[in-house]
Amino acid sequence: MSNFLLEARGIDKSYGRIQVLKNVDISIAPGEAHVVIGPNGAGKTTLFKVLSGEVFPNNGSITFAGKDVTADPGWQRVRSGIGRTFQSARIFSELTPFENMVVAVEAHERVVKGKRPLFALRPTKAVRDTAAEILEDFALTKVAKAETKSLSHGDKKRLELAMAVAGRPQLLMLDEPTAGMAPGDRQKCVELIDRLLKKGGFSLLLTEHDMAVVFGLATRISVLNYGQVIASGTPEEIRSNARVREVYLGHDVSSAA
Ligand SMILES: Nc1ncnc2c1ncn2[C@@H]1O[C@H](COP(=O)(O)OP(=O)(O)O)[C@@H](O)[C@H]1O
Ligand SMILES: [Mg+2]
């Protein structure tokens with residue numbers, strides 16, 4: 001058995017006649033912070049969808065924690081330990097952040113107990129306490145009882161991240177977690193992800209455009225270009241890769257943090 005938490009091999013994905021992913025290999029080791037970079041339209045979000053079971057590949061295989069999950073639907077992969085957020089936040093905007101968290105914690109506790117993730121109308125004290133604790137961790141206590149739809153974009157994205165973490169995933173996948181954020185919120189979000197990583201206990205797969213964020217968080221980087229992985233390696237290897245510089249990073253990458 002391999003030492004990787006997740007291993008995808010030979011992934012092809014087409015929409016109609018457009019081939020979006022071409023023979024993609026990606027491996028994620030336990031504890032790794034793996035960042036996928038590449039121009040807009042390179043196939044990053046599609047790769048996330050394939051790995052999380054939102055769509056299925058035309059060819060290739062995906063192994064997670066030693067098990068072939070290629071044919072597993074998304075909900076089953078969540079149960080297996082793959083958690084994700086989306087490029088645009090998916091939260092219940094009519095509920096408060098606290099209620100959103102209760103839903104996420106309740107769902108996880110039921111799954112752990114082998115029950116279907118139905119939501120109790122009266123959450124137990126333990127569920128409410130856990131929900132409040134995670135909100136505190138993510139600096140959301142102040143807005144816990146507000147209407148979620150009235151939150152700032154940054155707060156909404158942090159809430160979504162908090163809800164993903166409530167599922168205690170072994171692999172956390174974040175699709176452009178800082179997209180559209182003001183610089184202050186972006187910094188807060190990066191610090192939060194960094195803190196989560198230092199706490200440990202999970203691997204991270206992330207897409208990101210901001211090179212300071214990429215090189216600040218990544219222990220490994222894969223570069224997608226027109227649906228193909230053109231390079232995969234340590235931040236240093238990627239930084240000095242001539243082909244990557246040519247197609248994506250440009251000439252100023254040496255100044256990236
Ligand atoms: N559901 C879809 N149907 C058809 N084409 C799609 C679909 N989703 C994505 N694409 C196309 O696949 C390519 C890659 O998209 P995407 O994975 O969103 O790239 P990225 O996240 O790297 O910007 C784009 O050309 C996009 O238009
Ligand atoms: Mg995308």
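- An unreviewed UniProt entry lists the protein under the name Branched-chain amino acid ABC transporter ATPase, from Aminobacter aminovorans.
- The annotation that UniProt attaches to the protein under Sequence similarities (unreviewed entry) is "Belongs to the ABC transporter superfamily."

**A few points about helix α6 (residues 183–199)**
Point 1. End to end, α6 covers 24 Å across 17 residues, agreeing with the expected 24 Å (1.5 Å per residue, within 8%).
Point 2. If you check which residues of α6 are buried, you get Asp185, Cys189, Val190, Leu192, Ile193, Leu196 and Leu197. Mapping the buried residues of α6 onto a view down its axis gives an arc of 160 degrees, with all of them on the same face. In α6, the exposed residues that point more than 90 degrees away from the buried face are Pro183, Lys198 and Lys199.
Point 3. In the core, the buried residues of α6 are packed alongside β3 (33–37), α4 (125–137), α5 (153–166), β7 (171–175), β8 (203–207) and α7 (211–217).
Point 4. Just beyond α6, the residue with positive phi is Gly200, at close to 80 degrees.

**A word on the sheet that holds strand β5 (residues 67–68)**
Point 1. Overall, antiparallel pairing links the four strands, which are arranged β2-β1-β4-β5 in an open sheet. Looking at the sheet topology across the chains shown, the edges are occupied by β2 (18–28) and β5.
Point 2. Sheet topology note: the strand β4 (residues 59–64)/β5 ladder contains two bridges and is antiparallel. Opposite Thr63, over in β5, you have Asp68 as the bridge partner.

**Observations regarding the side chain of Ser52**
Point 1. Here Ser52 lies in helix α1 (residues 44–52).
Point 2. A polar contact of 3.4 Å, which involves the side chain of Ser52, links it to the backbone oxygen of Lys49.
Point 3. Excluding residues that lie within four positions of it along the chain, Ser52 makes contacts with Gly74, Arg77, Arg84 and Met173.

**What to know about the pairing of β8**
Point 1. With five of five residues buried, β8 lies mostly within the body of the structure.
Point 2. Burial along β8 is two-sided: Ser203, Leu205 and Thr207 facing one way and Leu204 and Leu206 facing the other are all buried.
Point 3. The pairing of β3 with β8 spans four bridges and is classified as parallel. Bridged to His34 within β8 is Leu205.
Point 4. Where β7 lies against β8, five bridges are found, and the strand directions are parallel. Note on β8: the bridge partner recorded for Leu172 is Leu204.

**Here's the deal with helix α3 (residues 97–112)**
Point 1. End to end, α3 covers 23 Å across 16 residues, agreeing with the expected 22 Å (1.5 Å per residue, within 8%).
Point 2. Considered for burial, the residues of α3 that qualify are Pro97, Phe98, Asn100, Met101, Val102, Val103, Ala104, Val105, Glu106 and Ala107.

**Description of the layout of surface pockets**
Point 1. Approximately 260 Å³ is the volume found for the second largest pocket.
Point 2. Mapped by element, the contributors of at least two residues to the lining of the second largest pocket are α4 and α6.
Point 3. Viewed by domain, the lining of the second largest pocket spans two of them, domain 1 (6–81 + 169–255) and domain 2 (92–155), each represented by three or more residues.

**A few points about the site of ligand 1**
Point 1. Looking at ligand 1, the residues that line it are Tyr15, Val20, Pro39, Asn40, Gly41, Ala42, Gly43, Lys44, Thr45 and Thr46.
Point 2. Between Lys44 and ligand 1, the recorded distance is 2.8 Å, taken from a side-chain N or O atom to an oxygen atom.
Point 3. Protein contact buries 61% of the 560 Å² of open area that ligand 1 shows by itself.
Point 4. The leading source of residues in the shell around ligand 1 is α1, at three residues.
Point 5. Of the residues belonging to the shell around ligand 1, the class tally is four nonpolar, five polar and one charged.

**Remarks on empty space enclosed by the protein**
Point 1. One pass over the full model with this rule turns up two cavities of 30 Å³ or more.
Point 2. Of the pockets and cavities examined, the largest cavity occupies roughly 50 Å³.
Point 3. Surrounding the largest cavity, Thr85, Lys157, Arg158, Glu160, Leu161, Leu174, Pro177, Met181 and Cys189 form its lining.
Point 4. Per element, the largest residue contribution to the lining of the largest cavity is four residues, and it comes from α5.
Point 5. Residues of the lining of the largest cavity, tallied by class, amount to five nonpolar, one polar and three charged.

Rules used throughout
Residues numbered from 1 in each chain as written. Chains lettered and ligands numbered in written order. Predicted model: local features only at pLDDT ≥ 70, side-chain atom pairs only at ≥ 80, totals over all residues. Heavy atoms only, no water. UniProt positions renumbered as here; feature names shortened; annotations may be inferred. Helix = DSSP H or I, 4+ residues; strand = E, 2+ residues; numbered from the N terminus. Expected span 1.5 Å × (residues − 1). Buried < 20%, exposed > 50% of the residue type's maximum accessible area, 1.4 Å probe, protein only. Arc of directions from axis to C-beta. Contact = heavy atoms within 4.5 Å. Pairing = 2+ DSSP bridges. Polar contact = N/O pair within 3.5 Å; in protein donor to acceptor, adjacent residues only side chain to side chain. 1 Å grid on protein atoms, 1.4 Å probe; cavity = no way out; pocket = protein on both sides within 12 Å on 5 of 7 lines; lining within 4 Å. Points joined across faces, edges and corners; volume = space filled by probe spheres on them. Domains from an automatic or database assignment. Near = heavy atom within 4 Å. Areas by Shrake-Rupley, 256 points an atom, 1.4 Å probe, with all protein chains shown as cover. Nonpolar A, V, L, I, M, F, W, Y, C, P; charged D, E, K, R; others polar.

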